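# Structural overview for review
Here is what each chain is made of, one letter per residue.
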Protein chains: 2
Amino acid sequence: MVESEEEFLKKYNVEEFKRPSVTVDIVVFTLIKGKIKVLLIKRGMHPFLDCWALPGGFVKMDKSLINSASKELMEKTGISKKDAYLEQLYTFGNPKRDPRTRVISVAYYALVDSSKIKLKKEHKKNIKDIRWVSVYKLPEKMAFDHREIIMYALKRLRYKLEYTAVGFELLPELFTLTELQKLYSEILNEKLDKRNFRKKILSLGILKPTKEYRKGMHRPARLYKFIESKPSSTFKKIKFEKK
Amino acid sequence: MVESEEEFLKKYNVEEFKRPSVTVDIVVFTLIKGKIKVLLIKRGMHPFLDCWALPGGFVKMDKSLINSASKELMEKTGISKKDAYLEQLYTFGNPKRDPRTRVISVAYYALVDSSKIKLKKEHKKNIKDIRWVSVYKLPEKMAFDHREIIMYALKRLRYKLEYTAVGFELLPELFTLTELQKLYSEILNEKLDKRNFRKKILSLGILKPTKEYRKGMHRPARLYKFIESKPSSTFKKIKFEKK
DNA sequence: ACAAAAGTGTTCCTAATACACCCATGA
DNA sequence: TCATGGGTGTATTAGGAACACTTTTGT
C-alpha cells in the first residue's frame, strides 16, 4: 500500500538533519554628495566585535528571501520596497565564513535615493555605529566576508548600469543630465564624454525633459525625469569611451 | 569586563533559532544529438512522488555550496568538477516551495560534454527513473518550482553564450564549426547565418584549427579545438542576425 | 566682463548585418 | 553525376568614439 503525500507529510520529521543558518545581507548603495556609498554597521557583539559589517539578519521560517531583505532595508534606512531597487546578488556559503556555526548568506543589493533615507541612529546594544562609507574607502576591519560581498555588488552594479536603466534609483525624481553623468562616472570610476553621454542616454527614450531648471551659480540646467513605464528596462549596452 | 571572542564562541548555542533547510539543485545541460537537454529524476518518494525533479540534495554542514553541487553532479553523471562548467544560478527561497518544511534551494547550472557522462542508472529506492529531457519539452508534472529554475537557467545560458566562450563545455574536444553553430542555434532557438557566425567566432581568437577532419557522407569538415588559455573568456557580445 | 557650468554636431571607424555561389566527397 | 553539407567575400549600415566651441547665468 503506497502512502499518500498527506500521510507522508504528517510523519515528516523536521528535526532529522542538522541545518545551516541562513542570513540575508544587504549591500545598500546610495549617492551622497555625488559619491557612491554603502551602509555599514559597527558590530557591538561577537563575532567580529567592533568590525564593520553589512546590515543583515537571519531568515525567519515563514519569510521569503526578498521580504527578509526588504524588512532589513526598512529597519535600517526607513525605505520601503517600492522606493528602492532590490535584487538578489549571490549566495555566499563557505563553511568557515562565520566562526559560530555554518551560516549561508543570501546577499542582496539595494539602490536607494539618499533623500528618502531616515537612518535609525538610536544605537541598540548590538550596534555601535551605523554609517555611509565610500565603496572606494572601505574600513580595514570588516566582518566576515563582507568586503568580498561589497566588491561583488559593485561589480554587478557597474554591469547593470551599462545595460539597464537602474541608475535612476539612486537619484531624486528630478535631476540634471550632468548629475546623471556624474553618477555613471563615479560608479564606473571613469571619465565620460559629455556629448556622447547625452546623445546616448537621450536616444534611449527613458528620460523626459521637464520645464523646470536647477538654478545654481551659473547657467541653469534643465531637469529631467525618468519615465517609469518600463521599470528597469534593458537596452543594448550603454557604451562610453574606452578610457 | 568585556568577553573575548573566544569565550563568546564557546557559549554560543547553535540550536537557539529554528533554521530552514538548504538544498543545492543543479540544472545539468548537455547536448545529445544536437539537442539541448537537462537531467531530470523521477521521484520515488514524497513529496511530488512520480514527478520529475532536478538532481539535488541537502547541504552538509561542512561542505561548501559549490562542492555540494559538484558532488551531486559526480553522483548522478560521473563527471568531476574539472570536466564541467559549474556556476551558481540563483537562490530560490519561497517559504511554500516545499510542502515539508522551509527549504531554501541554491540552484547551480552545469554544462557537460555528453561523451563524458556515465549515468548511474541503478535505481535507488528514491529514484524511479533518470533521463535527459529536452528543455523545450519538459514534462507536465514537475516537482517543486523546478520548471521555473530550469527556465531561469536556460535564460542565463543563452545570455552567457552570447558574451562568453562557455559553449565549448558542451562539446567534445574536437568539433566542426557547423557543430558549434548548431549548438548556438539550438540553445538560442534561432537561425544563424553561416558566414557571419564563422567570421565572428574565428575573429575571437579562441579557436584553433587542427589538421583533422570529420568524415561523413559528404565533404569532410575541419575540426577545431577550443584554446583553453583564458577559461570562459569574456568578449564583446557575440551578436548575430536580428531574426 | 568674466568665471563656470550648460548645451550642442560632425567626422571617423569598427563591427553587425544581409546575401549567393563554388567545393569536396560518398553513393 | 548528383545530392549534400563545407566553405568563402563584399557591400551596406548602425552605432561607438573622438573632439571644441557657443550660450546662459550670477557676481
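Residues numbered from 1 in each chain as written. Chains lettered and ligands numbered in written order. Predicted model: local features only at pLDDT ≥ 70, side-chain atom pairs only at ≥ 80, totals over all residues. Heavy atoms only, no water.

### Re the packing of aromatic side chains
All names here are of chain B. Threshold: Within 6.5 Å between ring centres, the rings of Phe, Tyr and Trp (the latter by its six-membered ring) count as paired, and their orientation is classed by plane angle as stacked under 30 degrees, edge-to-face over 60, tilted in between. Elements are defined by DSSP. Helices are runs of H or I of four residues or more, strands are runs of E of two residues or more, and each kind is numbered from the N terminus. Here's how the labels work: a residue is buried when its accessible area is under 20% of the maximum for its type, exposed when over 50%, partly exposed in between, all with a 1.4 Å probe on protein chains only.
This model, assessed by the stated rule, comprises 21 aromatic pairs over all chains. Plain terms: the ring middles of Phe-29 and Tyr-109 are 6.5 Å apart, the flat faces sit at 75° to each other, and that makes the pair edge-to-face. Placement of the pair is Phe-29 in strand S1 (residues 21-32) and Tyr-109 in strand S6 (residues 103-112), with a sequence separation of 80 residues. Neither Phe-29 nor Tyr-109 differs from the other in exposure class; each is buried. Here Tyr-159 and Tyr-163 contribute two aromatic rings whose centre-to-centre distance is 5.0 Å and whose plane-to-plane angle is 35°, an arrangement assigned as tilted. Remark: Tyr-163 and Tyr-159 occur in helix H3 (residues 146-163); sequence separation between them is 4 residues, near one turn of the helix. Given the relative accessible area of 34%, Tyr-159 is considered partly exposed.

### Observations regarding the relation of the copies chain A and chain B
Put simply, the rule reads: A residue counts toward the fit only if its pLDDT is at least 70 in both copies, and the copies are then superposed by least squares on the C-alpha atoms of those residues.
Placing chain A over chain B gives an RMSD of 0.1 Å and needs a rotation angle of 180°, together with 0.0 Å of translation along the axis. Here the transformation between the copies is reduced to the relation of a two-fold axis. When C-alpha distances to the rotation axis are compared across chain A, the minimum falls at Arg-19 of chain A, with a value of 3.1 Å.

### Remarks on the domain arrangement of chain A
Residues and elements named next belong to chain A. How we decide: An automatic or database domain assignment supplies the residue ranges for each domain. In what follows, residue pairs with any heavy atoms lying within 4.5 Å of each other are defined as contacts. Summed over both partners, the accessible area (1.4 Å probe) lost when two parts come together is defined as the buried area. Any Lys or Arg side-chain nitrogen found within 4 Å of a carboxyl oxygen on Asp or Glu counts as a salt bridge.
Split into domains, chain A comes out as domain 1 (21-150) and domain 2 (164-226). The distance between the C-alpha centroids of domain 1 and domain 2 comes to 28 Å. Taken together, the contacts link 12 residues of domain 1 with 9 residues of domain 2. Carbon and sulfur atoms make up 63% of the area that domain 1 and domain 2 hide from each other, which totals about 970 Å². If you sort the residues of domain 1 by the area they bury against domain 2, Leu-31, Leu-111 and Tyr-136 come out on top, with a joint share of 48%. On the surface where domain 1 and domain 2 come into contact, there are 1 salt bridge.

### Thoughts on the packing of helix H4 (residues 177-188) of chain B against helix H5 (residues 194-203) of chain B
Residues and elements named next belong to chain B. Note the threshold: Note on definitions: angles span 0 to 180 degrees between N-to-C directions of axes, and those axes are lines fitted to C-alpha atoms, for helices only across the stretch in contact. Our angle categories are set so that under 35 degrees counts as roughly parallel, over 145 as roughly antiparallel, 65 to 115 as roughly perpendicular, and the remainder as oblique. Side-chain classes follow a simple rule in which Ala, Val, Leu, Ile, Met, Phe, Trp, Tyr, Cys and Pro form the nonpolar group, Asp, Glu, Lys and Arg form the charged group, and the remainder, Gly included, forms the polar group.
The geometry of H4 relative to H5 is characterised by a closest axis approach of 11 Å and an angle of 100° between their N-to-C directions. Overall, the two elements H4 and H5 adopt an arrangement that is roughly perpendicular. Of the residues in H5, those touching H4 at Leu-177, Thr-178, Leu-180, Gln-181 and Tyr-184 are Lys-194, Phe-197, Arg-198, Ile-201 and Leu-202. Residues belonging to the contact of H4 with H5 are distributed by class as follows: 6 nonpolar, 2 polar and 2 charged.

### Some remarks on the environment of Glu-169 of chain A
Residues and elements named next belong to chain A. Here Glu-169 is to be found in the loop between helix H3 (146-163) and strand S8 (174-175). The class for Glu-169 is partly exposed, based on a relative accessible area of 28%. Distance from Glu-169 to Thr-30, taken between C-alpha atoms, is 8.9 Å for residues 139 residues apart in sequence. Glu-169 has contacts with Ala-84, Tyr-85, Leu-111, Val-112 and Asp-113, leaving out every residue within four places of it along the chain.

### A short note on the interface of chain A and chain B
The following threshold applies: Two N or O atoms count as a polar contact when they lie within 3.5 Å, although within protein this holds only if one can serve as hydrogen donor and the other as acceptor, and sequence-adjacent residues are included solely when both atoms are side-chain atoms.
Taken together, the contacts link 38 residues of chain A with 38 residues of chain B. Roughly 3600 Å² of surface becomes buried between chain A and chain B when both sides are summed, with 63% attributable to carbon and sulfur atoms. Linking chain A to chain B there are 12 residue pairs in polar contact (both at pLDDT 80 or more). Every element with two or more residues in the side of chain A that touches chain B is listed here: helix H1 (5-11), strand S1 (21-32), strand S5 (84-92), strand S6 (103-112) and H3 of chain A.

### A look at the sheet that holds strand S8 (residues 174-175) of chain B
All names here are of chain B. This is how it is decided: Any two strands between which DSSP finds at least two bridges are classified as paired.
Spatially, S8-S10-S9 is the arrangement adopted by the 3 strands of the open sheet, whose pairing is antiparallel. The sheet terminates laterally at S8 and strand S9 (207-214), the two strands that pair on one side only. Where S9 meets strand S10 (residues 221-226), 5 bridges bridge the pair, whose relative direction is antiparallel. When the bridges of S10 are listed, Arg-214 appears paired with Ala-221.

### Description of the environment of Leu-157 of chain B
Residues and elements named next belong to chain B. Turning to its location among the elements, Leu-157 is positioned in helix H3. Sequence separation between Leu-157 and Lys-121 is 36 residues; the distance between their C-alpha atoms is 27 Å. Among residues more than four places away in sequence, those in contact with Leu-157 are Phe-29, Ile-36, Leu-111 and Ile-187.

### So, the confidence of the model for chain A
To keep things clear, this is the line we draw: pLDDT measures how confident the predictor is about each residue, on a scale from 0 to 100.
For chain A, mean pLDDT is 89; residues scoring 70 or higher make up 86% of the total. Considering only residues more than four positions removed or in separate chains, one finds that residues 238-243 of chain A, a stretch of pLDDT under 50, has 16 contacts.

### Structural notes on the sheet that holds S8 of chain A
In space, the 3 strands of this open sheet follow the order S8-S10-S9 (chain A), with antiparallel pairing throughout. Each of the sheet's edge strands pairs with one partner strand only, and the pair in question is S8 and strand S9 (207-214) of chain A.

### Considerations on H4 of chain B
Residue and element names in this part refer to chain B. Note the following rule: Take the residue count of a helix, subtract one, and multiply by 1.5 Å to get its expected span.
A rise of 1.5 Å per residue sets the reference length of H4, with its 12 residues, at 16 Å; its end C-alpha atoms lie 16 Å apart and thus fit the reference within 8%. Among the residues of H4, Leu-177, Leu-180, Gln-181, Leu-183, Tyr-184, Glu-186, Ile-187 and Leu-188 are the ones counted as buried. Looking one or two places after H4, you find Asn-189, whose phi comes out positive at around 60°.

### Here's the deal with the side chain of Asp-145 of chain A
With respect to the helices, strands and loops of the structure, Asp-145 of chain A is situated in the loop between strand S7 (127-134) and H3. You can call Asp-145 of chain A buried: its relative accessible area is 13%.

### Regarding helix H2 (residues 65-77) of chain B
Residues and elements named next belong to chain B. Taking 1.5 Å of rise per residue, the 13 residues of H2 would be expected to cover 18 Å, and the 18 Å separating its terminal C-alpha atoms lies within 8% of that figure. Taken residue by residue, H2 has Leu-65, Ser-68, Ala-69, Ser-70, Glu-72, Leu-73, Lys-76 and Thr-77 as its buried positions. Of the residues flanking the end of H2, it is Gly-78, one or two places downstream, whose phi is positive at about 70°.

### Quick word on the environment of Phe-168 of chain A
All names here are of chain A. Assignment of secondary structure puts Phe-168 in the loop between H3 and S8. Separated by 42 residues in the primary sequence, Phe-168 and Thr-210 have C-alpha atoms spaced 16 Å apart. Residues within four places of Phe-168 in sequence aside, it is in contact with Phe-175, Leu-180, Ile-206, Leu-207 and Phe-226.

### Comments concerning the pattern of salt bridges
Residue and element names in this part refer to chain A. All told, the structure shown has 26 salt bridges over all chains when counted by the stated rule. The salt bridge partner of Lys-128 is Asp-50, with a shortest N-O separation of 2.6 Å. Residue Lys-128 is found in strand S7, and its partner Asp-50 is found in the loop between strand S2 (35-43) and strand S3 (52-53); the two are separated by 78 residues along the sequence. With relative accessibility at 40%, the residue Lys-128 sits in the partly exposed group.

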